[in-house]
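Okay, here's what each chain looks like letter by letter:
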Amino acid sequence: MGRWRPPSEKGSAYITAAGFKRMKDEVTQLWKIERPQVTQVVHEAAKNGDRSENGDYIYGKRRLREIDSRVRFLSKRMEAVTVVDRLPEDQSKVFFGAWVTLEDDDGNEKTYQIVGPDEFDVARHKLSMDAPLARAMMGKRVDDEIVLKKPEGEEFFYITRIEYKPYDQD
């Protein structure tokens, strides 16, 4: 059996200004701070002689490859994304960047911000705009019903609040 896999579906190319700033900060941290430190460790380890059994050298080189790979990925991604830094004209509907409060059938409420796929973090209540729940919410208004189709059945939510915060706040 071959190892070929169909290409994965590309995520949306939108990001909030705060998410873009985090990407830039990560590149700076990796390139200006961490990489020079690891390079110094590798340089010192290389001076010790036999590199085949030198753990600092081996793991340092591996870490340098990881850093370079991550910086390359982030740099390409930063060129490809579109920073959304303005609020929509119609703030009564759910669009990118909205903070949406949902209520389930049991009366439990959860609030999510709809963000780009590069910055989603469910623990911080940031939901990717490519996620099924976010797709179901797009364009809806307060008191609209959301139907989330899951393998075990449908789940229903109601939008109780839509809020847009300035993009310099996170």
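The present account deals with the structure reproduced in this document. Just so you know, these numbers come straight off a predicted model, no measurement behind them.

This brings us to the packing of helix α1 (residues 17-46) against helix α2 (residues 55-80). Viewed as axis vectors pointing N to C, α1 and α2 meet at an angle of 155°, and their least axial separation amounts to 9 Å. When the axes of α1 and α2 are compared, the pair comes out roughly antiparallel. The interaxial crossing formed by α1 with α2 has left-handed handedness. Of the residues that constitute the contact of α1 with α2, the class distribution is 16 nonpolar, two polar and ten charged.

Taken together, the side chains of Arg51, Lys61, Arg62 and Arg65 present a region of like positive charge at the surface. A relative accessible area of 39% places arginine 62 in the partly exposed class.

Scanning the entire structure with this criterion turns up one aromatic pair. Seen in terms of ring centroids, tyrosine 14 and phenylalanine 96 are 6.2 Å apart; in terms of plane orientation they differ by 50°. Their pairing is tilted. Here the residue tyrosine 14 occupies a position in strand β1 (residues 14-16), and phenylalanine 96 occupies one in the loop between β2 (82-84) and β3 (99-104), the gap between them amounting to 82 residues. Lying over the aromatic face of tryptophan 99, lysine 165 brings its terminal NZ or CZ to 4.5 Å of the ring centre.

With that out of the way, let us pick up the sheet that holds strand β7 (residues 153-163). If you walk across this open sheet you meet the five strands as β5-β4-β3-β7-β6, and the pairing is mixed. Either end of the sheet is taken by a strand with one partner, and the two such strands are β5 (126-128) and β6 (145-150). Going across the sheet, the axis of each strand differs from the next one's by a mean of 45°, ignoring polarity.

Rules used in this analysis
- Residues numbered from 1 in each chain as written.
- Predicted model: local features only at pLDDT ≥ 70, side-chain atom pairs only at ≥ 80, totals over all residues.
- Heavy atoms only, no water.
- Axes fitted to C-alpha atoms, helices over the stretch in contact; angles between N-to-C directions.
- Helix = DSSP H or I, 4+ residues; strand = E, 2+ residues; numbered from the N terminus.
- Parallel < 35°, antiparallel > 145°, perpendicular 65-115°, else oblique.
- Left-handed = near helix turned anticlockwise from the far one by under 90°.
- Nonpolar A, V, L, I, M, F, W, Y, C, P; charged D, E, K, R; others polar.
- Patch = residues over 30% accessible without salt bridge, like charges linked within 9 Å, V, L, I, M, F, W, Y side chains within 5 Å.
- Areas by Shrake-Rupley, 256 points an atom, 1.4 Å probe, with all protein chains shown as cover.
- Salt bridge = Lys/Arg side-chain N within 4 Å of Asp/Glu carboxyl O.
- Lys, Arg positive; Asp, Glu negative; His and termini not counted.
- Charge placed at Lys NZ, Arg CZ, Asp CG, Glu CD.
- Buried < 20%, exposed > 50% of the residue type's maximum accessible area, 1.4 Å probe, protein only.
- Phe/Tyr/Trp six-rings, centres within 6.5 Å; stacked < 30°, edge-to-face > 60°.
- Lys NZ or Arg CZ within 6 Å of the ring centre and 35° of its normal.
- Pairing = 2+ DSSP bridges.

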